[in-house]
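Analysis of the macromolecular model
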Amino acid sequence: MRASKDSVAIGEEFEITITAELLNISPQSMFFFEEQKAFTLKLLLPEGFQQTGGTYYDYVSANLSKAGQRSATYTLKGYFSSQLSTSTFTLLRGPGNATGSDLYIKAATLAIANQIEEQPHAARIATTSSTVICQIDNVYFTLLFSRTQAGKRYIVVNSSSHNSVYEYSLDPPTYSLSNVLTPSVDSGTVFIRMKDRQVCMRRIDYRFPTVLSGGGPSSGFGMDCSPFQVGNSALSIYASTTNICSTSSTLFLVGLSTDPTLAPDKVEWYRGDTKLDWSADDPARADITVNQEGVYHAKLYKSSCSFEPSTIQIATNCTTSCTVPESPTISTTNTTLCTAGTTTINATGCLHSTVWYNENGYQGEGNTLSVTQAGKYYAKCTSGATCNECTEYCEGASSGTVVVTSCPPTGCNLSITGLTNGQTIATTCNNGVTLTGTCTGSDCTGASATWSGAGGWSSIGLSATTPAQTATSKLPYTLTLVKGACTSSITIYVSTTGCTPVDPCAGASPPTSPSSTQGDSKCSGSSFSLSASGCSSSYRWYTVSSGGSSFNSSSSYSPVLSTVGTTTYYVSCSNACGESVTRTPVSATVTTCQTPCTGMPTPTITSQTVVSGTTVTWTLTAQNCAPGQSVRWYRVGQGNFIPDENPKVFTNPEANMSVYAKCVNGACLGDASNSLTYNTTTPVDPCAGASPPASPSSTQGESKCSGSTFSLSASGCSSSYGWYTTTSGGAHSLVVPVIALFCRP
């Protein structure tokens, strides 16, 4: 977030700009799912701030992508109506299409302090870095390595914030002002702190990619034979102006080395994915003039290596040259469409043109608007001026709302009085509002009344108290009357102010470490199956019990290991409020597997399956191994079972499990036997050893005239009954339910 002015007076309008940008992070370095590129924003406003316009609204959302929209910008215009000691804007970010009931994280804050001048002037509000308690924003770094100096790595840290002086360090922290760091390992942590407020510190994990042998750098990584930078100035792109509404902009690279041996051989400029073709005598020219909006970046070449600095966005924003007009006043003499199927809304107060909107967007221009559809209509005044080829007018704040309703069914005499459609009622935080409407008309007798609101809230009756809100909001509540085909409804807005921003992690403890882990033991060169469980959110895998950088975020990890011995990994749980203090270890044991020897016998294996109740025992026996030799059992596609034994007994084995054996004699290992597969269990007979039930103890017959329905019954069976037409043999003529005189569980 940033403000348009360094200081403003009470009542003076200023603008806050919120920008979200999709960073150019290689998928080999860090992978993101598409849904993670979507977001929803909620800005918590300080008390005394009055919004007058802008494109921001509560719960605005967008979905960024490399192929489509790479950034999104929102503006908020307004002024302070009163003087406060400190006014802080807090920006919360949630997932895509989130609502007020979803979880948000704090994304940024903008603190504004009041400054009272010694002269008898109005109190002024200034944005100063001294009011920021602890804020290190917009920090990024570039990973570079040298192909001419083996193992040489560079981390160039930069920040788009120029309000603070930062100090930098690797782990363990030894801070200095140099933003060029030379780590000795491929992964670790960079520490950044404010020089004049050393308790304000931020840590960022880094991980260098695997260097490919020969050729150019790994695709997608910013790497080069030697860094294109000089001193402590990281290579980046700057523009003479980022707004080309009325002029062009010159882009140029900052930080190029003055040493010809380190300067690039060639520079290519791109707008998005389109390479720009321009005439230049110097192929390594470091500047270009553009006159189109878009996201620009450069690609630098040195020998067989290339490097891409961060991108820069050029916009065509005409509003900076406009004088924001006042909001208009709108009115109509008829808010229903009953008379002629249409009504006219009038606007006054605009010096130039008037633009009309409803819930569906733009509706037209002019001082009047003819309406044929029900809805909520409002208007804005425009400056009437454009610059260059811009098609966007400079618009003022919205007018009030006129609600046009459809005509009720013919013959209905049902309406709501006591409240005004579109009316706004103010309340304070944690206090609801009692809304009471009155039914007027001859059809009120027997009509039902229902209030409905946000989040599925509803209440039956003409009077209802709205739910108390804990956050600043403006929510609609609708009263609907229904009698047969006749309906009438109005919508009231309840505006809640004075709420203290809620920290979603206030009082929350970090998650606990995983409750359990599963290690693995296999031969050298195998793929090991390691897993952890018990985290309610996400997992983080480390190679050390504390510190270090995580390298995996799923519940499982399958490394290929060759070094004999035990390798221990450590897993923690992580959520939006922190990471578990301790980490749970999980081990992979690499063993030396024996090699085949000549003259070793090949065993033959047989199996036997025994069922006892619900327990299935699968016993495998190997034959043909020489006296003194042991038998080692293997699962097809995996490793061997421990210990070596014969026979091998499995209790309730997995379906479709395939097993084979080898004869073992010291360091010698024979050829594999035939394999056997356990396909299914033998059904367990629940009636084994049970006797059939006795016949019914009594029956009840009946005597009636021909053609009557007879009621026959039997009793004494503990389960079900089977009816027959013969004393023995035959088939069921009636089954209640289907059962013969044999045991059923």
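Quick caveat, the model's predicted, so the values are computed rather than measured.

Moving on, we get to the overall build of the chain. In terms of helices and strands, the chain carries 0 helices and 62 strands. At a minimum sequence separation of 6, the contacts of the chain that also span at least 24 residues come to 58%.

On to the sheet that holds strand E39 (residues 473-483), then. Strand order in the open sheet formed by 5 strands is E33-E40-E39-E36-E37, and the pairing between neighbours is mixed. The sheet is open, and its two borders are formed by strand E33 (424-428) and strand E37 (458-460), each paired with just one other strand. The average undirected angle you get between the axes of adjacent strands in this sheet is 25°. Note: strand E36 (residues 448-453) against E37, 3 bridges, orientation antiparallel. In the strand pairing of E37, Trp 451 is matched with Ser 459.

Moving on: a nonpolar patch on the surface. A cluster of nonpolar side chains, namely Leu 23, Ile 25 and Phe 32, defines an oily patch on the protein surface of about 250 Å² accessible area. Considering the arrangement of structural elements, one finds Ile 25 in the loop between strand E3 (14-21) and strand E4 (38-44).

Another aspect to go through is the layout of surface pockets. For the second largest pocket, the calculated volume is near 640 Å³. Taken together, 25 residues make up the lining of the second largest pocket; nearest its centre are Tyr 59, Gly 100, Ser 101, Thr 470 and Ala 471. Of all the secondary-structure elements, those providing two or more residues to the lining of the second largest pocket are E4 and E39. Top contributing element to the lining of the second largest pocket by residue count: E39, with 3 residues. Considering only residue class, the lining of the second largest pocket consists of 15 nonpolar, 8 polar and 2 charged.

Before going further, it helps to spend a moment on the pairing of strand E44 (residues 530-533). With burial as the criterion, only one face of E44 is covered, namely that bearing Leu 530 and Ala 532; the residues Ser 531 and Ser 533 on the opposite face remain uncovered. Sheet topology note: the E44/strand E46 (residues 556-557) ladder contains 2 bridges and is antiparallel. Among the inter-strand pairings, Ser 531 is bridged to a residue of E46, identified as Ser 556.

Moving on to the packing of aromatic side chains. A complete count under the given rule lists 14 aromatic pairs for this structure. Each ring, one from Phe 641 and one from Phe 650, has its centre 5.3 Å from the other, and the planes form 70°; the classification is edge-to-face. With relative accessibility at 10%, the residue Phe 650 sits in the buried group. Taken together, the ring pairs connect Trp 541, Phe 551, Tyr 557 and Tyr 569 into an aromatic cluster.

Turning next to the sheet that holds strand E26 (residues 343-348). Pairing within the open sheet is antiparallel, and its 3 strands lie in the order E25-E26-E29. Because the sheet does not close on itself, it has two edges, and the strands there are strand E25 (329-331) and strand E29 (368-371). Within this sheet the neighbouring strands show an average axis-to-axis angle of 20°, counted without direction. Looking at chain direction, E26 and E29 are connected through 4 bridges and run antiparallel. Paired with Thr 344 across the bridge in E29 is Ser 370.

Secondary-structure assignment places Arg 632 in strand E54 (residues 630-635). At 2.9 Å, the side chain of Arg 632 forms a polar contact with the side chain of Asp 644.

A word on the state of the cysteines. Enumeration over the complete set of coordinates arrives at 5 disulfides. What pairs with Cys 535 in a disulfide is Cys 573, and their sulfur atoms sit 1.8 Å apart. A torsion of -85° about the S-S bond marks the disulfide between Cys 535 and Cys 573 as left-handed. Here Cys 535, found in the loop between E44 and strand E45 (538-542), pairs with Cys 573, found in strand E48 (residues 565-575); they are 38 residues apart in sequence, far enough to count as distant. Linked covalently through their sulfurs, Cys 625 and Cys 663 form a disulfide whose S-S length is 1.9 Å. Looking along the S-S bond of the Cys 625-Cys 663 disulfide, the torsion reads about -90°, which is the left-handed sense. In this pair, Cys 625 is assigned in the loop between strand E53 (615-623) and E54 and Cys 663 in strand E56 (residues 657-665), connecting sequence segments 38 residues apart. On the accessibility criterion, Cys 663 (0% relative accessible area) is buried.

It is worth spelling out the pairing of E56 at this point. Along any regular strand the residues' side chains alternate between the sheet's two faces. Most of E56 sits inside the fold, with 8 of its 9 residues counted as buried. Note: E54 against E56, 6 bridges, orientation antiparallel. Bridge pairing in E56 places Trp 633 opposite Ala 661. Relative to strand E57 (residues 668-669), E56 is paired through 2 bridges, and the arrangement is antiparallel.

Take the side chain of Thr 427 next. Along the chain, Thr 427 turns up in strand E33. Within polar-contact distance, the side chain of Thr 427 engages the backbone oxygen of Asn 431 at 3.1 Å.

A word on the pattern of salt bridges. Enumeration according to the criterion identifies 9 salt bridges in this entry. In this structure, Glu 167 engages Arg 193 in a salt bridge whose closest nitrogen and oxygen atoms are separated by 2.7 Å. Of this pair, Glu 167 sits in strand E13 (residues 166-170) while Arg 193 sits in strand E15 (residues 187-194), placing them 26 residues apart in sequence. When its relative accessible area of 10% is taken as the criterion, Glu 167 is described as buried. Look at Arg 193 and you get buried, because its relative accessible area is 16%.

With that out of the way, let us pick up the confidence of the model for the chain. Mean pLDDT for the chain: 77, with 76% of residues reaching 70 or above. Predicted confidence is poor over residues 211-234, with pLDDT under 50, and the contacts of this stretch with residues over four places away or in other chains come to 80 contacts. Residue range residues 385-392 is modelled with pLDDT below 50. Its contacts to residues more than four positions away, or to other chains, number 13 contacts.

About the thresholds
Within every chain, residues take consecutive numbers counted from 1 along the sequence as written. Restriction of local features to residues with pLDDT of at least 70 applies here, the model being predicted, together with a cutoff of 80 or more for giving and counting side-chain atom pairs; totals for whole chains, interfaces and linings are based on all residues. Side-chain numbers come from the whole structure's heavy atoms, not from hydrogens or water. Runs of H or I in DSSP of at least four residues are treated as helices and runs of E of at least two as strands, each being numbered from the N terminus. The contact criterion used throughout is that any non-hydrogen atoms of two residues lie within 4.5 Å. Strand pairing is assigned whenever DSSP detects at least two bridges linking the two strands. A fitted line through C-alpha atoms represents every axis, and for helices the fit uses only the stretch in contact; the resulting angles, taken between N-to-C directions, go from 0 to 180 degrees. By definition, no residue in a patch forms a salt bridge, and every one has over 30% relative accessible area; like charges are joined within 9 Å, nonpolar side chains (Val, Leu, Ile, Met, Phe, Trp, Tyr) within 5 Å. Areas reported as accessible are Shrake-Rupley estimates using a 1.4 Å probe. Residue values count occlusion only from the protein chains shown. Salt bridges are identified by distance alone: a Lys or Arg side-chain nitrogen within 4 Å of an Asp or Glu carboxyl oxygen. Buriedness for pockets is judged along seven lines, at least five of which must meet protein on both sides within 12 Å for an open set on the 1 Å grid over protein atoms alone, while cavities are sets there where a 1.4 Å probe fits but cannot get out, and lining residues have an atom within 4 Å of a point. Grid points are joined across faces, edges and corners, and a volume is the space filled by probe spheres set on the points. Under the grouping applied here, Gly and all other residues not named as nonpolar or charged are polar, the nonpolar ones being Ala, Val, Leu, Ile, Met, Phe, Trp, Tyr, Cys and Pro and the charged ones Asp, Glu, Lys and Arg. Partly exposed residues are those whose accessible area sits between 20% and 50% of the maximum for their type, while under 20% is buried and over 50% is exposed, using a 1.4 Å probe and protein chains only. Aromatic contacts are taken between Phe, Tyr and Trp rings whose centres are within 6.5 Å, Trp giving its six-membered ring; a plane angle under 30 degrees counts as stacked, one over 60 as edge-to-face, and the others as tilted. Polar contact criterion, stated in full: a pair of N or O atoms within 3.5 Å, where within protein one must be able to donate a hydrogen and the other to accept it, and residues adjacent in sequence count only if both atoms are side-chain atoms. Note on terminology: disulfide denotes any pair of cysteine sulfur atoms within 2.5 Å. Note on scores: pLDDT gives the predictor's confidence for each residue, bounded by 0 and 100.

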